[in-house]
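# Overview (structure and organization)
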Amino acid sequence: MKAGGDDPADEVLVARVRSGDVAAADQLVRRHLPLAYTIALAVLGGRTDADDVCQDALLRALEKIDDCRSPSRFRFWLAQIVRNHARNALAKRRVRGGPSLDEIGEPPAPGHTSESAERGELRAALLAALDRLTPIQREVVLLKDLEGWDHRMIAAALGVSEGMSRQHLFVARGALRTALGAEARRDHLEGPRHG
Amino acid sequence: MDDDRLDLSPLRPDPERVDRAAGAVMARARGTLDGRRRMRGSVWREIPGWERPLLATAAIAAIVSIVVLLRVHPVVQRGHVATLSEQAGVPAPIASWVDSDQPPDPAALLEW
C-alpha cells in the first residue's frame, strides 16, 4: 500500500517489525487489516469466521515476517497467507459439517442504533448476495470494488489472466445486482422485517 | 473511473471492529516481537565478546605473514641493503632503471 503523508511505506514498517518494533507492527496490522478481512470474507463468505481467519493470518505474517522477500509487496504476500488460512478454515468447516458462526448469528454491537441496524441489514443482504458467487468471483469483485485494485494486480494475486479477471468481475457484478434487486423487491413486498 | 462499480462499503469492517481485531492480533504478537527485540539486543552484546578471539586471530595472522614474507623476500642479504624495488619483487634490470631515476636506453630495452 502506498503510504500517505508522513506514513512510512510498507518496506520501512516491515524492517522495523523485523527488529521487534511494536508500534510499527501495530501500524502495519491496522493498515492491512481491511484487505485481510476482505480476502477472508471472499473465501469464506462469513463475517465472524472471516474475523478469526484474518487475525490468525496477520499474526502468522508478523511471526514469519523474515519470509517476506519483497517488503514493498507486503500486501500481496499477506493476501496469500490470508487466502491459505481461509481455505484451511473452509476445509475444516466442511469436515466438521457444522454451520459457520455467522449462520448461528452475530450479537448486535454495543451502541446499536437505527442507522447501524440499517447498515447491518444492507450488509446482510450483500453477504447473502455474495454467497451466491463462486469464491473467485467474490474475491475479484471485492478486490476491485471494495479495495480498488486494478485487473493487473488482481490477476497477479489470483494467478489468472487479466481477461479472466474482467470476466469474473462482469459475471459477479451482474449476479450481485440481480440478487440485490430481488432482495429489494422482496423487502418491498414483505414490508419492514424489524419494528 | 469505473461507472459499473458496486458500493460494497457496508462490508468494510467499522473502525471499532478494526480496533478490536488489531488489538487482539497485537496482544498475541507481543511475545514474538519481544523475542525479536531480545535477539537484536543480544547480537550487539555478542560483538564485544568476540573482541579477544578476533584480536588473537589477527595477531597470529600478522606473525605468520611476516615470517612468510621474510622467507620469500629476505630484506637484508649479507650487508646488502635491499632497495624498495627489490623488496617489492621487481626484476633486477627494471629495478636498476627505477633506482637510477634515468629513462632506459632503447638498446637496453630491446636487449632485455
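Computed from a predicted structure; not experimentally measured. Every chain begins its residue count from 1, and numbering advances along the sequence as written. Whichever chain is written first is A, and whichever ligand is written first is 1; the rest continue in order. A pLDDT threshold of at least 70 governs which residues receive local features in this predicted model, and a stricter bar of 80 or more applies before side-chain atom pairs are shown or counted, although totals over entire chains, interfaces and linings include all residues.

Quick look at the overall build of chain B now. Counting from the N terminus, the helices are the DSSP runs of H or I reaching at least four residues and the strands are the DSSP runs of E reaching at least two. Of the regular secondary structure elements, chain B holds five helices and two strands. Traced from its N-terminal end to its C-terminal end, chain B shows the element sequence α-α-β-β-α-α-α. The burial criterion counts other C-beta atoms lying within 10 Å of a residue's C-beta, which is placed from the backbone; the residue is buried at 20 or more, exposed at 12 or fewer, and partly exposed between these limits. Here chain B holds 112 residues, and 8% of them are scored as buried.

Attention now moves to the overall build of chain A. Helix and strand counts for chain A come out as nine helices and zero strands. Seen in sequence order, chain A has helices and strands lined up from the N terminus as α-α-α-α-α-α-α-α-α. Expressed as a percentage of its 195 residues, the buried residues of chain A come to 34%.

This paragraph deals with the interface of chain A and chain B. Note on contacts: each residue gets a C-beta atom placed from the backbone, and two residues are in contact if those atoms are within 7 Å. With 28 residues of chain A at the contact, the number on the chain B side is 22 residues. Secondary-structure elements contributing two or more residues to the side of chain A that touches chain B are α2 (22–44), α3 (47–63), α6 (114–130), α7 (135–145) and α9 (162–190) of chain A. The classification used treats Ala, Val, Leu, Ile, Met, Phe, Trp, Tyr, Cys and Pro as nonpolar, Asp, Glu, Lys and Arg as charged, and all other residues, Gly among them, as polar. Of the residues contributing to the side of chain A that touches chain B, the split by class is 16 nonpolar, three polar and nine charged.

Here we come to the nonpolar core. One broad rule of soluble globular proteins: the nonpolar side chains tend to lie buried together. Buried Ala, Val, Leu, Ile, Met, Phe, Trp, Tyr and Cys residues whose C-beta atoms connect them within 7 Å together make up a nonpolar core. Core analysis: the biggest nonpolar cluster contains 54 residues, and A36(A), I39(A), A40(A), V53(A), C54(A), L58(A) and V82(A) have the highest contact counts within it. Looking at this core, the elements with two or more residues in it are α1 (10–18), α2, α3, α4 (74–96), α6, α7 and α9 of chain A together with α1 (15–49) of chain B. Residues lining this core come from more than one domain, with at least three contributed by each of domain 1 (1–102) and domain 2 (113–195) of chain A. Not counting residues within four places of it along the chain, the set of residues in contact with A36(A) comprises C54(A), A57(A), L58(A), L78(A) and V82(A). Where each domain starts and ends follows an automatic or database-derived domain assignment.

Any residue range with low pLDDT should be treated as having predicted coordinates unsuitable for detailed reading. Residues and elements named next belong to chain A. Known as pLDDT, the predictor's confidence for each residue is given on a scale from 0 to 100. Residue-level pLDDT values for chain A average 84, and 78% of them are 70 or greater. When mean pLDDT is compared element by element in chain A, α1 scores highest at 95, while helix α5 (residues 101–104) scores lowest at 43. A low-confidence stretch, residues 99–108 (pLDDT under 50), is modelled with 13 contacts involving residues beyond four sequence positions or located in other chains. Taken as a whole, residues 191–195 scores under 50 in pLDDT and shows one contact with residues more than four places along the chain or in a different chain.

On to the environment of V18(B), then. Tracing the backbone shows V18(B) in helix α1. In this structure, V18(B) is in contact with R30(A), L33(A), P34(A) and P13(B), ignoring residues within four places of it in sequence.

Now for the packing of α2(A) against α7(A). The relative placement of two packed helices comes down to the angle between their axes together with the axis-to-axis distance. Residue and element names in this part refer to chain A. As a rule, the C-alpha atoms of each element are fitted with a line to give its axis, helices using only the stretch in contact, and angles between N-to-C directions run from 0 to 180 degrees. α7 packs onto α2 with a crossing angle of 155 degrees between their chain directions and a minimal axis gap of 7 Å. Of the possible angle classes, the one that applies to α2 and α7 is roughly antiparallel. Both α2 and α7 take part in a crossing whose hand is right-handed. Two secondary-structure elements touch here, α2 through T38, I39, L41, A42 and V43 and α7 through P135, R138, E139, L142 and L143. Across the contact of α2 with α7, the residue classes tally to seven nonpolar, one polar and two charged. Here is the rule for angles: anything less than 35 degrees is roughly parallel, anything more than 145 is roughly antiparallel, 65 through 115 is roughly perpendicular, and the remaining ranges are oblique. Take the far helix as your reference; a near helix turned counterclockwise from it by less than a right angle gives a left-handed crossing, and one turned clockwise gives a right-handed crossing.

Okay, the environment of S19(A) next. Mapped onto the fold, S19(A) is located in the loop between α1 and α2. Non-local contacts of S19(A), meaning those with residues more than four positions away in its chain, are made with R36(B) and R40(B).

The reported bend at a residue is simply the angle between two axes, fitted to the 7 residues ending at it and to the 7 residues beginning with it. Where α2(A) bends most, the angle comes to about 45 degrees, and this point is H32(A), followed within four residues by the proline P34(A). Two residues or fewer past α2(A), G45(A) is found with a positive phi of approximately 75 degrees.

This next bit is on the confidence of the model for chain B. All names here are of chain B. Across chain B, the average pLDDT comes to 79, with 76% of residues at or above 70. When pLDDT is averaged over each element of chain B, helix α2 (residues 51–72) comes out on top at 87 and strand β1 (residues 76–77) at the bottom at 55. Confidence estimates for the predicted assembly give a pTM of 0.66 and an ipTM of 0.77.

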